[in-house]
Amino acid sequence: MIFPCGVTVLPDGDTLHVYYGAADSCIAVAIGSIRQILDWLTIYGLPSETPSHR
């Protein structure tokens, strides 16, 4: 099981650090760009349109 423990944004305003734990036995940090995450979500994050079933 993985669970987030905290988040920090570096002074550049774009670098995101997400601290997380796994299986109650280890901790780690994932580093990413807020801009790149938002760009990805803009492209892939919306559910695809499906025909309505009436």
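Further up the page is the structure itself.
Residues numbered from 1 in each chain as written. Predicted model: local features only at pLDDT ≥ 70, side-chain atom pairs only at ≥ 80, totals over all residues. Heavy atoms only, no water.

A. Spotlight on the sheet that holds strand β1 (residues 2-9). With antiparallel pairing, the three strands of this open sheet are ordered in space as β1-β2-β3. The open sheet has two free edges, formed respectively by β1 and β3 (26-33), since each of these has just one partner strand. Taking each pair of neighbouring strands and ignoring which way they run, the sheet shows an average axis angle of 25°. Taken together, the seven bridges between β1 and strand β2 (residues 15-22) define a ladder with antiparallel strand orientation. Along β2, the bridge assignment pairs Phe3 with Gly21. (Pairing = 2+ DSSP bridges. Helix = DSSP H or I, 4+ residues; strand = E, 2+ residues; numbered from the N terminus. Axes fitted to C-alpha atoms, helices over the stretch in contact; angles between N-to-C directions.)

B. Seen up close, the environment of Val29. On the secondary structure map, Val29 appears in strand β3. Considered as a pair, Val29 and Tyr19 are 10 residues apart in the sequence and their alpha carbons are 4.3 Å apart. For Val29, the contacting residues outside a window of four places in its chain are His17, Val18, Tyr19 and Tyr20. (Contact = heavy atoms within 4.5 Å.)

C. Focus on the environment of Ile2. Assignment of secondary structure puts Ile2 in strand β1. Sequence spacing of Ile2 and Gly21 is 19 residues, and the spatial spacing of their C-alpha atoms is 5.7 Å. Setting aside its immediate chain neighbours within four residues, Ile2 contacts Tyr20, Gly21 and Ala22.

D. Local environment of the pairing of β1. Where burial is concerned, little of β1 is hidden: zero out of the eight residues are buried. The hairpin formed by β1 and β2 contains five residues between the paired strands, and Gly13 there has a positive phi angle of roughly 75°. (Buried < 20%, exposed > 50% of the residue type's maximum accessible area, 1.4 Å probe, protein only.)

E. Region of the structure containing the side chain of His17. Relative to the assigned elements, His17 resides in strand β2. Among the polar contacts listed, one links the side chain of His17 to the side chain of Tyr19, at a separation of 3.5 Å. Apart from the residues within four sequence positions on either side, His17 is in contact with Gly6, Val7, Thr8, Leu10, Val29, Ala30 and Ile31. (Polar contact = N/O pair within 3.5 Å; in protein donor to acceptor, adjacent residues only side chain to side chain.)

F. Up close: the environment of Pro4. Within the element layout of this structure, Pro4 appears in strand β1. Relative accessible area serves as the criterion here: at 65%, Pro4 is assigned to the exposed category. Sequence spacing of Pro4 and Tyr20 is 16 residues, and the spatial spacing of their C-alpha atoms is 4.2 Å. With residues up to four places along the chain from it excluded, the contact list for Pro4 reads Tyr19 and Tyr20.

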